[in-house]
Amino acid sequence: MPFGPQIGSLEHGAHIVVGTPGRIEEHLRKSSLKLDNLSTLVLDEADRMLDMGFQDTLDAIIEHAPSERQTLLFSATFPDQIQSIAQRVMKKPVMIAVASDHDDSTIEQHFYEVSNNDQRLTALRILLLKHRPESTVVFCNTKRETQELANQLKQCGFSAQALHGDLEQKQRDQALVQFSNKSVSILVATDVAARGLDVDSLDAVINYQLSRDNEVHTHRIGRTGRAGKQGIACSLLTEQEHYKLAQLEAYLGHDITTEPLPPESWLDKPALRPNMATLQIDGGKKQKVRAGDIVGALTGQQGINGKDIGKIQLFDNWAYVAVAQHAAKTALQKLSEGKLKGRSFRVRRIRG
């Protein structure tokens, strides 16, 4: 976000300031933010902050905070680093662990051994073509692998988007919008980028590589099979990664058996195409655009059927609406030629 408007906003004071570590530190360094009267310091996703290398930045922020304060630290996992930072920045902390209400019996797990890294893509394609999940998250361990794999899947005819830390916020928003409204079938993501990902009815999770952290593995597969629905979790590994499998077995407390991949004849099948398409409207909350306005414009005279309209998501300066693929052309024309709030807005189709 632009730095200037934030300075102007902070001059008026604030009850709550929410920010990334880097931006908070920058404001402190330029004295546009002062923490003299801070009463509560919250570190959310603390484990991921440390994984992303924010330790020095967090230390710098804490140095500006009063010693008399309440500190709240939220973390999905509890590695040694978290215990270390808790001991340094907290006084007599109370640990509250939230029990999981997830039922692992709804997740069908499979582990497949591939001969080498080159075979991973082939294995992934086979699994996607065999199971044909409507929504799949594929986890990679690095940002570079994430982008490369998403590009390769697109070249193979799949509907896929990448989600990683190098994306600009608008790119990230578009990827999440398309995936959540079912106009993109596959989201290829890093663990950090997928934090907080809230998607209903996620059919499958595929670990392109096993995670380096056993707790992260359980968080990955726990994204499917929710609300009593069945989900599938597939993990790919080479012979060199058997040590990770042994560590996971010890962590889970039971043996894991690898199985052969389905036959390559599945590669002859066409890739699943999404039923929905996404239209972007260059007007949002700040232009007083509401979901009802969009529905009305789409279903007006010679418009599309209301049942062909999917999820509508509003942002400050733009809005996204999912429509059925067969109605996308008509919907685009209706919104482009019509008006919202008495105004004409630029509308375009976002390609997955």
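For the structure itself, consult the block above.
For every chain, the first residue of the written sequence is number 1, and numbering continues from 1 along that sequence. Only residues with pLDDT of 70 or above have their local features reported here, since the model is predicted, and side-chain atom pairs are shown and tallied only from 80 upward, although totals for entire chains, interfaces and linings are computed over all residues. Heavy atoms throughout the structure, all of them, feed into the side-chain values; hydrogens and water do not.

S.K.: In this structure, what is going on with the packing of aromatic side chains? I would like to understand it.
M.R.: Aromatic rings in a pair are described by how distant their centres are and how their planes are angled relative to each other. What counts as a ring pair is set by centres within 6.5 Å for rings of Phe, Tyr and Trp (its six-membered ring), and what kind of pair is set by the plane angle: stacked under 30 degrees, edge-to-face over 60, tilted for all other angles. By the definition in use, this model includes 1 aromatic pair. Ring plane angle 90° and centroid distance 5.6 Å describe the contact between F315 and Y320, whose orientation is recorded as edge-to-face. For every residue, the accessible area obtained with a 1.4 Å probe (protein chains only) is divided by the maximum for its type, and the residue is called buried under 20%, exposed over 50%, and partly exposed between those limits. With relative accessibility at 1%, the residue Y320 sits in the buried group. Criterion for a charge above a ring: Arg CZ or Lys NZ at most 6 Å from the ring centre, at most 35 degrees from the ring normal. The cationic tip of K30 hangs over the ring face of F3; the distance from NZ or CZ to the ring centre is 4.6 Å. Directly above the aromatic system of W318 lies the positively charged group of K170, at a separation of 4.2 Å from the ring centroid.

S.K.: I would appreciate a short explanation of the pairing of strand β1 (residues 40-43) in the present structure.
M.R.: The side chains of a regular strand alternate between the sheet's two faces. Only DSSP runs of H or I covering at least 4 residues are called helices, and only runs of E covering at least 2 are called strands; the numbering of each starts at the N terminus. Judged by which residues are buried, β1 turns out to be one-sided: L41 and L43 face inward and are buried, whereas T40 and V42, on the alternate face, are not. At least two bridges found by DSSP between two strands is the condition for calling them paired. Note: β1 against strand β2 (residues 70-73), 4 bridges, orientation parallel. Looking across to β2, one finds that L43 is bridged to L73.

S.K.: When you look at the sheet that holds strand β4 (residues 136-139) in this model, what are you seeing that I'm missing?
M.R.: Pairing is parallel across the open sheet formed by 6 strands, whose spatial order is β3-β8-β7-β4-β6-β5. Looking at which strands have only one partner, the edges of the open sheet turn out to be β3 (107-113) and β5 (160-163). Each strand of the sheet is rotated relative to its neighbour by a mean of 20°, with strand direction disregarded. Helix α7 (residues 143-155) contacts β4, β5 and β6 (186-189) of the sheet and is inclined by roughly 175° relative to β5. Only the stretch in contact is used when fitting a helix axis, every axis being a line fitted to C-alpha atoms; angles between N-to-C directions are given from 0 to 180 degrees. Whether two residues touch is decided by their heavy atoms; if any such pair falls within 4.5 Å, the residues are in contact.

S.K.: Quick question: what am I supposed to make of the sheet that holds strand β9 (residues 276-281) here?
M.R.: Sheet strands associate in pairs through backbone hydrogen bonding, adopting either a parallel or an antiparallel arrangement. On the basis of which strands lie adjacent, the open sheet formed by 4 strands has the order β10-β11-β9-β12 and antiparallel pairing. Taken across any chain shown, the strands that pair with only one partner, and hence form the sheet edges, are β10 (309-314) and β12 (347-350). Strand-to-strand twist of the sheet, defined as the mean angle between neighbouring strand axes without regard to direction, takes the value 25°. Strand contacts of helix α11 (residues 291-299): β9, β10 and β11 (319-324), with the helix running at about 140° to β10, the strand carrying the most contacts. Across the sheet, helix α12 (residues 328-337) lies against β9, β11 and β12, angled at about 155° from β12, the strand it touches most.

S.K.: Just to check I follow, could you spell out the packing of helix α4 (residues 55-64) against helix α5 (residues 80-89) for this structure?
M.R.: Between two packed helices, the angle of one axis relative to the other and the distance separating the axes together describe the packing. Between α4 and α5, whose axes approach to 12 Å, the crossing angle comes to 15°. Relative to α5, α4 is oriented roughly parallel. Classified by chirality, the crossing of α5 by α4 is right-handed. Between α4, through Q55, L58, D59 and I62, and α5, the contact on the second element is made entirely by I85, R88 and V89. Should an angle lie under 35 degrees it is considered roughly parallel, over 145 roughly antiparallel, and from 65 to 115 roughly perpendicular; all remaining angles are considered oblique. Left-handed describes a crossing in which the near helix is turned anticlockwise from the far one by less than a right angle; the clockwise case is right-handed.

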